[in-house]
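# Inside the fold
So you can see what is in the structure, the chains are spelled out below.
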4 protein chains.
Amino acid sequence: MKYEYRFQVRLHDTDRAGVVFFARLFTHAHDAYEAFMASAGLGLGAMIEAGLCLPVAHASADYLLPLRHGEAVVVMLTIARLGQTSFTVAHEFRCGAEVRARLQTVHVFLDPRSGRPSALPQDMRARLAPFAAPAPGGKAD
Amino acid sequence: MKYEYRFQVRLHDTDRAGVVFFARLFTHAHDAYEAFMASAGLGLGAMIEAGLCLPVAHASADYLLPLRHGEAVVVMLTIARLGQTSFTVAHEFRCGAEVRARLQTVHVFLDPRSGRPSALPQDMRARLAPFAAPAPGGKAD
Amino acid sequence: MKYEYRFQVRLHDTDRAGVVFFARLFTHAHDAYEAFMASAGLGLGAMIEAGLCLPVAHASADYLLPLRHGEAVVVMLTIARLGQTSFTVAHEFRCGAEVRARLQTVHVFLDPRSGRPSALPQDMRARLAPFAAPAPGGKAD
Amino acid sequence: MKYEYRFQVRLHDTDRAGVVFFARLFTHAHDAYEAFMASAGLGLGAMIEAGLCLPVAHASADYLLPLRHGEAVVVMLTIARLGQTSFTVAHEFRCGAEVRARLQTVHVFLDPRSGRPSALPQDMRARLAPFAAPAPGGKAD
């Protein structure tokens, strides 16, 4: 299952080279992630208030083609890996049928007491699982 | 007395029109304000940790001339008004002798218990006073 | 007539004080302005490509109440003043019935050849007029 | 050889979780890159004006420890790979002796006429080389 998030490229996303500044895509990816988590019943606000923390431990991006001012973008979001203590969100940025960029963010679940990585709560795992691509070999963390 | 803060216009400050996006100047002004406050012994970090809060209640900007990528900017910071429960910071953005923009931010001191505007602490007032322009009539809030 | 623009407060809009960083509202206001202009047939992208420029000459904000992470915000946009060479956009930020902030941005029309303020094109004026509050005295620039 | 770039974590870098928002580090890394390029005689402004373009084709980050408001950060910048048509900049974010994050950005040189990846100009290669780690096997693109 995929989650779709839509936004439009705004003037402040661009720089004087005329295209979207590369770092902006990580912000849009996180906006998509927030909207996705809320739709999956895992609103970040409630989690932060409960002391639960899912910091980004790793992020990466492949920029295939530039994004331009005014373009309508669809972010297709899936869970690329659902590990023991972390999960990886894959964000595909599309304009029409064209893929412009692919981003990944790895979120680690920290135990609220120790601050150390710990097993994803069962409820969270269950809510994320429908968006996880079927792993051929089912490898964990 | 004036406080000087320097920065350089970076690519991400600009937009596709080729000049600095107007909202960015408020961010740079706040960076200048943070550096100023720290230099005056009023570091924002320590204040936030102590529950003290100086939220921006009003902000305004006059954009006289565009700022361009790579330009070296000096922000001349003064206290334009030192009131009973708030103070106004004036930020003059200069490139060389040329004034490009003038911003103002009004910071209100909130009582940590009630969350309501209350009298600026004497120590804070004393530290800000040297940067306050002599008020002709000395009018308060 | 009013134009409505909706957005949700995202994690990156907030700062460690737990509420939206004041400068972010100017960015959201400009996003609202871009959406409004496009809906009025005055897309900024096409204007920039045609060499037409409407830089922000003045901006101001009154912050009444903080905006918090996750809140759904409606920006009510009107033309507060439709002058000879410039117009003022008023942005009211609401959560439910509560007004949290009021921003204004003044946009000046620059002649593409001289780069100097010049009369707003008739077509632009006609498209903006329905969103202009009826001026009691009809005063120009 | 390494290039050092210094900055201080500002309020707007942080989010309500109290630490720097992950995407902000890419912006700071690009600021470091701009300062580095200027110091190496490869100012981005002059290049953009000459139609030369070095877009980011890939970016990645490992976040080891959070960065906090007010912390003084040193970015140690090196050229991790100097390829035929691209180069990789490695950014190590340190507070004191502690490494908090490691970022990489891959910049591709586009031929100003074709817009396609093409060989890095000899002068650019010569200016970047002193900052390149000695490649054990000397592999190209």
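An account of the accompanying structure is given in this report. (Residues numbered from 1 in each chain as written. Chains lettered and ligands numbered in written order. Predicted model: local features only at pLDDT ≥ 70, side-chain atom pairs only at ≥ 80, totals over all residues. Heavy atoms only, no water.)

## What about the overall build of chain A?
When helices and strands are counted, chain A shows three helices and five strands. Reading the helices (α) and strands (β) of chain A from amino to carboxyl end gives β-α-α-β-β-β-β-α. What you see for chain A is a C-alpha radius of gyration of 16 Å, in line with the 14 Å of a compact globule of 141 residues. In chain A, which comprises 141 residues, the proportion classed as buried is 55%. (Helix = DSSP H or I, 4+ residues; strand = E, 2+ residues; numbered from the N terminus. Rg over C-alpha atoms; globule rule 2.2 N^0.38 Å. Buried < 20%, exposed > 50% of the residue type's maximum accessible area, 1.4 Å probe, protein only.)

## Details of the pairing of strand 3 (residues 72-82) of chain A
As paired elements, strand 1 (residues 3-8) of chain A and strand 3 of chain A share six bridges and run antiparallel to each other. Bridge pairing in strand 3 of chain A places Gln8 of chain A opposite Ala72 of chain A. (Pairing = 2+ DSSP bridges.)

## Looking at the environment of Val20 of chain B
Residue and element names in this part refer to chain B. Residue position: Val20 is located in the loop between strand 1 (3-8) and helix 1 (24-39). With 33 residues separating them along the chain, Val20 and Cys53 place their C-alpha atoms 30 Å apart. Setting aside anything within four residues of it in sequence, one finds Val20 in contact with Val9, Asp13, Thr14, Leu25 and Leu67. (Contact = heavy atoms within 4.5 Å.)

## A look at the relation of the copies chain D and chain A
Mapping chain D onto chain A calls for a rotation angle of 180° and an axial translation of 0.0 Å; the resulting RMSD is 0.0 Å. In the structure described here, the two chain copies are related by an operation that fits a two-fold rotation axis. Closest approach to the rotation axis within chain D is made by the C-alpha atom of Ser60 of chain D, at a distance of 2.0 Å. Comparing interface residues between copies, 100% of those in chain D also lie at the interface in chain A; the contact surface is shared. (Least-squares fit on C-alpha atoms with pLDDT ≥ 70 in both.)

## Thoughts on helix 1 (residues 24-39) of chain C
All names here are of chain C. The first and last C-alpha atoms of helix 1 sit 23 Å apart over 16 residues, in line with the 22 Å expected at 1.5 Å per residue. For helix 1, the buried fraction is high: 14 of the 16 residues fall into the buried class. Downstream of helix 1 by a residue or two, Gly41 has a phi angle that is positive, lying close to 80°. (Expected span 1.5 Å × (residues − 1).)

## Considerations on the packing of aromatic side chains
Going through the model one piece at a time under the given rule, you end up with 30 aromatic pairs over all chains. Taken together through their ring pairs, the aromatic side chains of Phe21, Phe22, Phe26 and Tyr63 of chain A together with Phe21, Phe22, Phe26 and Tyr63 of chain D make up a single cluster. (Phe/Tyr/Trp six-rings, centres within 6.5 Å; stacked < 30°, edge-to-face > 60°.)

## Examining the interface of chain D and chain C
In this assembly, eight residues from chain D lie in contact with eight residues from chain C. In total, about 800 Å² of surface goes out of reach between chain D and chain C, with carbon and sulfur atoms giving 70% of it. Between the two partners, chain D and chain C, sit zero salt bridges. Counting every contact that joins chain D to chain C gives six residue pairs in polar contact (both at pLDDT 80 or more). Each residue belonging to the side of chain D that touches chain C can be placed in one class, and the counts come to two nonpolar, four polar and two charged. (Buried area = accessible area lost by both parts, 1.4 Å probe. Salt bridge = Lys/Arg side-chain N within 4 Å of Asp/Glu carboxyl O. Polar contact = N/O pair within 3.5 Å; in protein donor to acceptor, adjacent residues only side chain to side chain. Nonpolar A, V, L, I, M, F, W, Y, C, P; charged D, E, K, R; others polar.)

## Re empty space enclosed by the protein
A full pass over the atoms with the stated rule returns one cavity of 30 Å³ or more. Lining the largest cavity are 29 residues, and of these Arg24 of chain A, Arg24 of chain B, Arg24 of chain C together with His12 and Arg24 of chain D sit closest to its centre. Looking at the lining of the largest cavity, the elements that each hand over two or more residues are helix 1 (24-39) of chain A, helix 1 of chain B, helix 1 of chain C together with helix 1 (24-39) of chain D. Class assignment for the residues of the lining of the largest cavity results in eight nonpolar, twelve polar and nine charged. (1 Å grid on protein atoms, 1.4 Å probe; cavity = no way out; pocket = protein on both sides within 12 Å on 5 of 7 lines; lining within 4 Å. Points joined across faces, edges and corners; volume = space filled by probe spheres on them.)

## Re the relation of the copies chain D and chain C
Superposing chain D onto chain C takes a rotation of 180° plus a shift of 0.0 Å along the axis, which leaves an RMSD of 0.0 Å. Taken as a fraction of all interface residues of chain D, those also at the interface in chain C reach 100%, which identifies the copy contact as same-surface.

## Regarding the interface of chain D and chain A
Listed as interface residues are 19 residues of chain D and, on the opposing side, 19 residues of chain A. Each partner contributes to the roughly 1,800 Å² buried at the junction of chain D and chain A, and carbon and sulfur atoms together form 66% of this total. Considering only the surface of chain D that becomes buried against chain A, Arg16, Phe22 and Phe26 of chain D emerge as the three largest contributors, covering 29% of it. Where chain D packs against chain A, one counts two salt bridges. In this structure, the salt-bridge partner of Glu49 of chain A is Arg16 of chain D, at a minimum N-O distance of 3.2 Å. In this assembly, chain D and chain A are joined by ten residue pairs in polar contact (both at pLDDT 80 or more).

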